[in-house]
Structures are given as C-alpha cells and as structure tokens.
Amino acid sequence: MARVSRHVALLRSLGDGMSVDHGRTIAGRRHGTAIEAFAATLARGPRLAFVLALAVVAGSVIAQPAAPGAAYAGPIFDAHLHYNEEAVEPHPIADVLARMQRSGVRAVVANSRPNDGTKALAAAREATRRAGVTVVPFVRLYRNRADYTGWHADPSIVEMVLRELAAGTDAGPYRGLGEFHLYDSANADGATARRLMQLAEQRGLVVLAHVDDAAIEKLLAHAPKARLIWAHTGIGGTPVERVRMLLQRHPTLLGELSYRPGLTGGDGRLSPEWRALLGAMPERFLVGSDTWINGRWDDYESLMEQARRWLGDLPPAAARRIAWENGAALFGVAAP
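Bear in mind the structure is a predicted one, so any value in this text is a computation, not a measurement. (Residues numbered from 1 in each chain as written. Predicted model: local features only at pLDDT ≥ 70, side-chain atom pairs only at ≥ 80, totals over all residues. Heavy atoms only, no water.)

Visitor: Quick question: what am I supposed to make of a nonpolar patch on the surface here?
Guide: Nonpolar side chains collect at one region of the surface, where Ile 235, Tyr 259, Trp 292 and Ile 293 lie side by side and expose about 360 Å² of accessible area between them. Residue classification places Ile 293 among the partly exposed positions, given a relative accessible area of 38%. (Patch = residues over 30% accessible without salt bridge, like charges linked within 9 Å, V, L, I, M, F, W, Y side chains within 5 Å. Areas by Shrake-Rupley, 256 points an atom, 1.4 Å probe, with all protein chains shown as cover. Salt bridge = Lys/Arg side-chain N within 4 Å of Asp/Glu carboxyl O. Buried < 20%, exposed > 50% of the residue type's maximum accessible area, 1.4 Å probe, protein only.)

Visitor: Would you take a moment to explain the environment of Glu 305 for this structure?
Guide: When you line up the elements, Glu 305 lands in helix H15 (residues 300-311). Its relative accessible area of 56% is what places Glu 305 among the exposed residues. For the pair Glu 305 and Ser 103, spaced 202 residues apart in the sequence, the C-alpha separation amounts to 7.5 Å. (Helix = DSSP H or I, 4+ residues; strand = E, 2+ residues; numbered from the N terminus.)

Visitor: Where do I start with the packing of helix H9 (residues 156-167) against helix H10 (residues 191-203) in this structure?
Guide: In a packed pair of helices, the relevant descriptors are the angle between the two axes and the axis-to-axis distance. Remark: H9 packs on H10, axes separated minimally by 10 Å, with the N-to-C direction vectors making an angle of 20°. One element, H9, and the other, H10, form an angle in the roughly parallel class. Here H9 contributes Ile 157, Val 158, Val 161, Leu 162 and Leu 165 to the contact with H10, which in turn contributes Thr 192, Arg 195, Leu 196, Leu 199 and Arg 203. Along the lines of polarity and charge, the residues of the contact of H9 with H10 split into 7 nonpolar, 1 polar and 2 charged. (Axes fitted to C-alpha atoms, helices over the stretch in contact; angles between N-to-C directions. Parallel < 35°, antiparallel > 145°, perpendicular 65-115°, else oblique. Contact = heavy atoms within 4.5 Å. Nonpolar A, V, L, I, M, F, W, Y, C, P; charged D, E, K, R; others polar.)

Visitor: What am I meant to see in the layout of surface pockets here?
Guide: Using a probe with the size of a water molecule, rolled over the atoms, empty space left in the structure can be pinpointed. In this structure, the largest pocket spans a volume of roughly 320 Å³. Lining the largest pocket are 17 residues; nearest its centre among them are Leu 257, Ser 258, Tyr 259, Gln 306 and Trp 310. The element best represented in the lining of the largest pocket is H15, accounting for 5 residues. Residue composition of the lining of the largest pocket, by class: 8 nonpolar, 7 polar and 2 charged. Taken as a whole, the second largest pocket encloses approximately 220 Å³ of empty space. Thr 134, Val 135, Val 136, Pro 137 and Ala 171 are, among the 16 residues lining the second largest pocket, the residues nearest its centre. (1 Å grid on protein atoms, 1.4 Å probe; cavity = no way out; pocket = protein on both sides within 12 Å on 5 of 7 lines; lining within 4 Å. Points joined across faces, edges and corners; volume = space filled by probe spheres on them.)

Visitor: What am I meant to see in the sheet that holds strand E7 (residues 253-256) here?
Guide: Sheets are built from strands paired through backbone hydrogen bonds, the pairs being either parallel or antiparallel. One open sheet holds the 8 strands; their spatial order is E1-E2-E3-E4-E5-E6-E7-E8, and the pairing between them is parallel. Whereas interior strands pair on both sides, the edge strands pair on one side only; in this sheet they are strand E1 (76-81) and strand E8 (285-286). The pairing of strand E5 (residues 206-210) with strand E6 (residues 227-230) spans 4 bridges and is parallel. Each residue of the ladder has a partner; that of Val 207, found in E6, is Leu 228. Against the sheet, helix H6 (residues 116-123) touches E1, strand E2 (105-110) and strand E3 (134-139), its axis set at about 155° to E3. (Pairing = 2+ DSSP bridges.)

Visitor: Would you explain H10 in this entry?
Guide: Because each turn of an α-helix spans 3.6 residues, side chains separated by three or four positions in sequence point in the same direction. With 13 residues, H10 ought to run about 18 Å at 1.5 Å a step, and its terminal C-alpha atoms sit 18 Å apart, in line with that. Residues of H10 that are buried include every one of Thr 192, Ala 193, Leu 196, Met 197, Leu 199 and Ala 200, and no others. Down the axis of H10, the sector holding all buried residues measures 160°, keeping them to one side. In H10, the exposed positions that point more than 90 degrees away from the buried face belong to Ala 191 and Gln 202. Residues of H10 that are buried make contact with H9, strand E4 (176-181), E5, helix H11 (213-222) and E6. A positive backbone phi angle near 70° is found at Gly 204, which sits one or two residues after H10. (Expected span 1.5 Å × (residues − 1). Arc of directions from axis to C-beta.)

Visitor: Please clarify how the pattern of salt bridges should be interpreted in this entry.
Guide: Across all of its chains, the model carries 20 salt bridges by this definition. Two residues, Arg 113 and Glu 85, come together in a salt bridge whose shortest N-O distance is 3.4 Å. Of this pair, Arg 113 sits in the loop between E2 and H6 while Glu 85 sits in the loop between E1 and helix H5 (93-102), placing them 28 residues apart in sequence. Relative accessible area serves as the criterion here: at 1%, Arg 113 is assigned to the buried category. Between Lys 119 and Asp 116 there is a salt bridge, with the nearest N and O atoms lying 3.9 Å from each other.

Visitor: Looking at this structure, I do not really get unusual backbone geometry. What am I missing?
Guide: Note: most peptide bonds trans; most residues except glycine with negative phi. Between Arg 113 and Pro 114 the backbone carries a cis peptide bond, its omega angle lying at -10°. Relative to the elements of secondary structure, Pro 114 occurs in the loop between E2 and H6. In this structure, Glu 179 follows Gly 178 across a cis peptide bond, with omega equal to 5°. With respect to the helices and strands, Glu 179 occurs in strand E4. Within the chain, Tyr 259 stands out as a residue other than glycine whose phi angle is a positive 65°. According to the relative accessible area criterion, Tyr 259 is partly exposed, its value standing at 36%.

Dropping the structure here:
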C-alpha cells in the first residue's frame with residue numbers, strides 16, 4: 001500500500017497543479033474523491049490503474065473551457081471622436097478630458113460639426129497636456145446638418161476644406177479629412193469626393209469615411225495611395241470575409257470598430273469570426289467611440305470599458321496594436 005499512497009499523492013498534486021496553472025474553476029480537492037476511488041484498483045493492479053487514473057484527472061481538467069481573457073489595461077487611441085456643437089454646453093472641455101483620462105484614452109482623432117469643436121480641443125493645450133491626451137485634428141466636411149447629405153454635390157465644401165487646411169489649429173496642422181457619410185455609394189464617384197480623396201493623397205492626409213464596401217472601392221480608385229479609415233468597418237454588417245478581402249486588396253485601408261455589427265456577442269466577448277480576423281490582421285484595426293450624440297459622451301467610460309473587455313480576448317500584443325499602436329504609428333504620437 002506504500003506504492004498506492006505514493007500514486008494517490010502524485011495524482012492529487014497533478015490535479016491541484018493543473019487546475020491552478022490553467023486558471024480553471026475546479027479546485028484540486030474535487031479530484032481527490034475520484035482519485036481515492038482508484039485506490040482499491042491500484043492495490044489490485046497499480047500500473048494499469050495509475051495510467052487510467054492519470055487519464056481521468058488530465059481529461060477532466062483539459063475539458064474545462066478556457067477562461068475569458070482579462071480586460072486590456074493599456075492606453076487607448078480613440079480614432080473616431082466628435083465634439084459637436086450640441087456637446088459643448090453639457091460637456092465642456094474639462095469634462096470630456098476628464099472622461100478620456102479616467103478611461104485611459106491617451107490620444108484622439110477629433111472631428112466635429114462645425115470644426116469649431118475640434119479647434120477648441122486643439123486650443124486647450126495646457127488642459128490636454130495635464131490630462132495626458134494628444135489631439136489629432138481632422139477637418140470635417142460639415143458646417144451644419146444639411147451637409148451630411150449634400151456635401152458630395154457641393155463644390156464649396158472643397159473651398160472650405162482648403163481654408164481650414166491653410167489656417168490649421170493651435171495643436172498644429174490638420175492631419176486628416178472626415179468623418180463624412182455617403183448614404184448612396186454611387187456618390188463616391190462625384191467630383192467633390194474625387195477631389196477630396198486626391199487632395200488627401202497629395203497632402204498625406206488620412207480620410208475617415210462612413211460608407212459601405214462598394215464606396216470603399218470607389219474612393220480608393222480615385223486615390224489608391226490615400227490612407228483611409230473605414231468608420232465602423234461596415235456599419236451595415238459587411239460580411240467578415242468581404243472585410244478581409246478589402247484589407248488584403250487595399251494596403252492603406254484600416255478598419256475602425258465602433259458600432260460594428262457582430263463584433264461581439266451578448267456577453268461582450270469577441271465573436272469567433274472577428275476574433276480570428278483581428279488576431280490574423282491586428283495591424284489593420286483601430287478603436288473608436290463615435291461620440292456623435294451627447295448620449296455617447298454620457299456613456300464614454302462605459303464604451304471604453306466595453307472595448308477593453310473584447311480586446312482582452314486577443315493576445316496581448318494584438319490587443320495593444322489595435323488599442324494604441326496602430327493609431328500612434330499612423331499619426332506619429334509618442335508612447336505615453
């Protein structure tokens with residue numbers, strides 16, 4: 001029985017060690033009862049019974065589902081942020097910077113309707129420095145709500161963009177154009193869209209576009225070397241394989257993931273197909289908040305917590321690339 005006791009002790013230690021090392025919820029002591037039940041068998045045939053017992057213990061541990069990853073805890077680059085005119089009064093600059101700071105957001109792509117909101121954030125240099133937030137300003141094409149649907153047919157939009165680019169901001173030159181919407185992808189072939197895409201390519205500006213997959217193809221046909229951030233990476237639910245194909249075809253295309261249908265399940269964890277895509281191409285995606293209405297500002301910290309949760313389902317290096325490094329590299333922002 002001395003040999004039996006040694007086998008039982010060894011099996012129990014294996015069960016304890018495996019349950020801890022693999023982060024399982026089953027404590028080692030729950031294996032003990034099963035192991036003791038093999039004692040009599042061990043007495044009759046210790047070698048065979050030992051092998052069988054070891055298989056049972058190992059199998060019970062391996063069969064447990066993998067524990068969800070811990071939430072991502074590093075810095076975030078919010079690549080889709082608006083500070084529109086209706087947000088200014090309920091959410092003054094001190095408030096929005098505090099929300100970013102509490103959320104671990106260290107840089108933002110700011111674009112607003114009208115551009116005054118972006119310029120106000122850019123001008124708050126001391127406040128943004130204290131908050132540890134870098135503002136990357138974009139020229140938005142919208143002077144008012146009517147421009148959401150009419151900009152593509154309005155040549156004065158190009159003139160407005162050129163004036164803004166010439167003036168710049170207190171934080172430095174504008175770094176991009178957008179966000180703009182195209183509710184009919186055919187309008188991506190219009191003269192204004194073509195001119196602005198070519199302008200972005202010529203001046204090294206990044207474009208933020210809320211469009212469908214057909215419009216992505218049209219816009220990049222005008223300016224194949226332009227860097228384009230696809231807002232929401234297909235808010236209409238573009239199939240994941242179509243997203244993958246577009247990223248493979250267009251090396252300057254990046255996907256921003258706010259509001260992306262199917263990205264996560266009801267538990268807030270990544271869906272299998274998106275986990276596979278983000279894991280395979282982490283250098284092509286960005287995190288965003290899309291504070292297009294005040295309710296999104298109210299929920300800003302919750303939105304960033306949600307992003308941290310699904311980022312935690314990825315390998316740590318991939319999570320950091322999507323959350324911070326891709327945006328920082330795109331705009332030359334130093335590590336915090």
